[in-house]
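Residues per chain are reported as follows:
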Amino acid sequence: MAAAAVPLRPLCRLCRVVLFLSQFYILSGGESTDIPPYVMKCPSNGLCSRLPADCIDCKTNFSCVYGKPVTFDCTVKPSVTCVDPDFKSQKSFILNMTCRFCWQLPEADYECSSSSNCRAVSCPRQRYAANCTVRDHIHCLGNRTFPKMLYCNWTGGYKWSTALALSITLGGFGADRFYLGQWREGLGKLFSFGGLGIWTLIDVLLIGVGYVGPADGSLYI
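Residues numbered from 1 in each chain as written. Predicted model: local features only at pLDDT ≥ 70, side-chain atom pairs only at ≥ 80, totals over all residues. Heavy atoms only, no water.

- Taking an unreviewed UniProt entry as the reference, the protein is identified by name as TM2 domain-containing protein 3 belonging to Moschus moschiferus.
- In its Sequence similarities (unreviewed entry) section, the UniProt entry covering the protein states "Belongs to the TM2 family."
- One UniProt comment on the protein, placed under Subcellular location (unreviewed entry), says "Membrane". (UniProt positions renumbered as here; feature names shortened; annotations may be inferred.)

Here it is in structure tokens:
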């Protein structure tokens, strides 16, 4: 029994070395099984012409006429599977789209970052620099992420109906101004009894037409 166990020891050691080397080979990238990140956006076995832009590579022509229909030759990226209208697998297809750059798309076709560091209620209206990204299913020319100057349109949660109701009922005590965050004007109305009623009537009109808004410069909801 002891004599039979001696030859098995070198064999076990050899197996351990082979196992270690195979694991090292996989971890070092010799046999990569990673899935490209864009595959998560690509529906499997769908129509190739409806794939998101991140799932295909197209030979675009930037000399096309703006606003006119144009066709481009496209191929699907590796690890992406799609079919033609006859449900046959394909790798190359023709994409029909409108000739326009991504920054020329309608506002509904892209999403932009928002900002709360500008005044939405001001004259003239303030703008801020936003970073916009085209939606996945929209195809266009050029960079899909681009800068754009947008009007400030953020809200702090103040309701126009609440401000108007406070101005009509408790405006003489400055409740409307306190609600909008304008505490200095609110104290002035409180200690002057709404400017003997004159200030109260004026505020009802100004809030009613939307001229007086929140102190933080945001929009009503």
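What follows picks up the thread again.
**Some details on the overall build of the protein**
Argument step 1. Helices and strands together make up the secondary structure of the protein, namely six helices and eight strands.
Argument step 2. Reading the secondary structure of the protein in the N-to-C direction produces α-β-β-β-β-β-β-β-β-α-α-α-α-α.
Argument step 3. If you take every contact in the protein between residues at least 6 apart in sequence, the share linking residues at least 24 apart comes to 57%.
Argument step 4. With an accessible surface of roughly 14,900 Å², the protein has 62% of that area assigned to carbon and sulfur atoms. (Helix = DSSP H or I, 4+ residues; strand = E, 2+ residues; numbered from the N terminus. Contact = heavy atoms within 4.5 Å. Areas by Shrake-Rupley, 256 points an atom, 1.4 Å probe, with all protein chains shown as cover.)

**Overview of helix α6 (residues 198-208)**
Argument step 1. Among the residues of α6, T200, D203 and I207 are the ones counted as buried. Looking straight down α6, one finds its buried side chains confined to an arc of 60 degrees; they lie on one side. Looking at α6, the residues exposed on the side facing more than 90 degrees away from the buried face are I198, L201 and L205.
Argument step 2. On its buried face, α6 is in contact with α2 (160-170), α3 (175-179), α4 (183-191) and α5 (193-196).
Argument step 3. A positive phi of about 85 degrees marks G210, the residue just after α6. (Buried < 20%, exposed > 50% of the residue type's maximum accessible area, 1.4 Å probe, protein only. Arc of directions from axis to C-beta.)

**Describing the sheet that holds strand β7 (residues 127-134)**
Argument step 1. What the three strands build is an open sheet, ordered β6-β7-β8; its pairing is antiparallel. The open sheet terminates on both sides in strands that have one partner only, identified here as β6 (110-112) and β8 (145-151). Ignoring which end each strand starts from, the neighbouring axes of this sheet average 40 degrees apart. (Pairing = 2+ DSSP bridges. Axes fitted to C-alpha atoms, helices over the stretch in contact; angles between N-to-C directions.)

**Details of the state of the cysteines**
Argument step 1. Applying the stated criterion across every chain, the model contains six disulfides.
Argument step 2. Note on cysteine connectivity: C58 is disulfide-linked to C74, with sulfurs 2.0 Å apart. Torsion about the S-S bond of the C58 and C74 cystine: about 105 degrees, corresponding to right-handed handedness. Here C58 is found in strand β2 (residues 56-59), whereas its partner C74 is found in strand β3 (residues 69-76), with 16 residues between them in sequence.
Argument step 3. There is a disulfide in this structure between C64 and C99, and the S-S distance comes to 1.9 Å. A torsion of 75 degrees about the S-S bond marks the disulfide between C64 and C99 as right-handed. (Disulfide = S-S within 2.5 Å.)

**Let's talk about the pattern of salt bridges**
Side chains bearing opposite charge may pair, as long as their charged atoms lie close to each other.
Argument step 1. For the structure on display, the rule yields five salt bridges.
Argument step 2. Of the charged contacts in the structure, one is a salt bridge between D176 and K189, with a shortest N-O distance of 3.1 Å. Here K189 lies in helix α4 and D176 lies in helix α3, a separation of 13 residues in the sequence.
Argument step 3. The shortest N-O distance in the salt bridge between R177 and D203 comes to 2.7 Å. You can see R177 sitting in helix α3 and its partner D203 sitting in helix α6, a full 26 residues away along the chain. We note that R177, like D203, is buried. (Salt bridge = Lys/Arg side-chain N within 4 Å of Asp/Glu carboxyl O.)

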